[in-house]
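A closer look at the structure
One letter stands for each residue in the lines below.
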Amino acid sequence: MTTVYLNGQYVPKEQAMIPVEDRGFIFGDGIYEVVRVINGRIHAWDGHAARMANGLETLRISMAGAESATLKAVCEKLVADNGLAAGEATVYLQVSRGAAPRTHHFPPAGTPTTVYAAASAFKPNFAMRDNGAKGITLADIRWARCDLKTVNLLGPVLARQAAQEAGAYEALMHRDGMFTEGAATNAFFVVKGVLRTHPLTNHILPGITRVDIVESIHELGLPFEERPVALAELPGVEEVFVCGTTTDVQPLVEIDGKPVGNGKPGPLTVKLKEALAKRLYGK
Ligand code: PDD
């Protein structure tokens, strides 16, 4: 039996209920996080908690019941109670603006938020990480606050569906001729031997894994620029990888049906994949 957390209580998943007027359901009015848990230890909790707090504050959703220490304890209890303390797991966390009669403007002050969390077993696809995967390119049709991890995910839903229908893993999205990020990942490129990724602006999510990668790049002394890659540069791109909490470092070896470089994961990608594994697993 799976136990989930809802508004201060641990309940069987089947019994967890939210009102039909919840603003997460009606408007997508909420913030979420996905954290990685390895042998009971949450990877990079402080970064996830800070991003969630920033999202809630920006959207003026109450932090009550969603404080970092509270949610960390919730994650740890869910992992333990669901028998996931050994091996790998993820925890999904979501805070919505709560339930109230439908009005576009905020509900009355004091309306309690809805705080939900659930843990699941997780099995990384090591073969795909080793061999590489296919990608597609797609227009980035999302809104202008992609830096907030809101539960409004229609852009990524449509992009991932397009990728899947093309037999690919990820969609690399571009806006005004520049690659922004993947549908649910940040993207790194190697052009003329230099690693490049989109800078932290409102057009990408500030990924927690991106922080690990940037730190690893500096530790390894690799050439690096936070400068977007143009769609027009794609034919000369030597390596591409995407990264995220459930994606790790995932090489893309074919994009829109054409091989990237020699069609195999490139050397800088492999180095960073190993560096991230060390941070996650300590080896
Ligand atoms: N996705 N960019 C987007 C648009 C994302 O949705 C994600 C994460 C990332 C990577 O962020 P992080 O390294 O913090 O996981 C980048 C999560 C995992 C998801 O939606 O399931």
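Scope of this entry: the structure provided in the associated data block. (Residues numbered from 1 in each chain as written. Predicted model: local features only at pLDDT ≥ 70, side-chain atom pairs only at ≥ 80, totals over all residues. Heavy atoms only, no water.)

1. Some details on the site of the ligand
Close to the ligand lie 18 residues; Tyr32, Glu181, Ile208, Thr209 and Thr245 are nearest. Between Glu181 and the ligand, the recorded distance is 2.8 Å, taken from a side-chain N or O atom to a nitrogen atom. A distance of 2.5 Å separates an oxygen atom of the ligand from a polar side-chain atom of Thr245. Here the ligand loses 88% of its free accessible area of 480 Å² to cover by the protein chains. Counting atoms within 2 Å of the grid points, the majority share of the ligand lands in the largest pocket. The set of elements that each furnish at least two residues to the shell around the ligand consists of β3 (30-38), β9 (178-182), α6 (208-220) and β13 (237-244). Per-class residue counts for the shell around the ligand are seven nonpolar, seven polar and four charged. (Near = heavy atom within 4 Å. Polar contact = N/O pair within 3.5 Å; in protein donor to acceptor, adjacent residues only side chain to side chain. Areas by Shrake-Rupley, 256 points an atom, 1.4 Å probe, with all protein chains shown as cover. 1 Å grid on protein atoms, 1.4 Å probe; cavity = no way out; pocket = protein on both sides within 12 Å on 5 of 7 lines; lining within 4 Å. Sits in = over half its atoms within 2 Å of the grid points. Helix = DSSP H or I, 4+ residues; strand = E, 2+ residues; numbered from the N terminus. Nonpolar A, V, L, I, M, F, W, Y, C, P; charged D, E, K, R; others polar.)

2. As for unusual backbone geometry
In this structure, Arg60 is a non-glycine residue whose phi angle is positive, near 55°. Within the secondary structure, Arg60 is located in the loop between α2 (45-59) and α3 (68-81). By relative accessible area, Arg60 is classed as exposed at 63%. (Buried < 20%, exposed > 50% of the residue type's maximum accessible area, 1.4 Å probe, protein only.)

3. Some points on the packing of α2 against α3
It is the contact of α2 with α3, at a shortest axis distance of 10 Å, that shows an interaxial angle of 125°. The orientation of α2 relative to α3 falls into the category oblique. α3 is crossed by α2, and the crossing has right-handed handedness. Contacts from Trp45, Ala49 and Met52 in α2 reach Ser68, Leu71, Lys72 and Cys75 in α3. Across the contact of α2 with α3, the residue classes break down as five nonpolar, one polar and one charged. (Axes fitted to C-alpha atoms, helices over the stretch in contact; angles between N-to-C directions. Parallel < 35°, antiparallel > 145°, perpendicular 65-115°, else oblique. Left-handed = near helix turned anticlockwise from the far one by under 90°. Contact = heavy atoms within 4.5 Å.)

4. Observations regarding α3
End to end, α3 covers 20 Å across 14 residues, agreeing with the expected 20 Å (1.5 Å per residue, within 8%). The complete set of buried residues in α3 reads Leu71, Val74, Cys75, Leu78 and Val79. Looking down the long axis of α3, one finds its buried residues gathered within 125° of arc, a one-sided arrangement. (Expected span 1.5 Å × (residues − 1). Arc of directions from axis to C-beta.)

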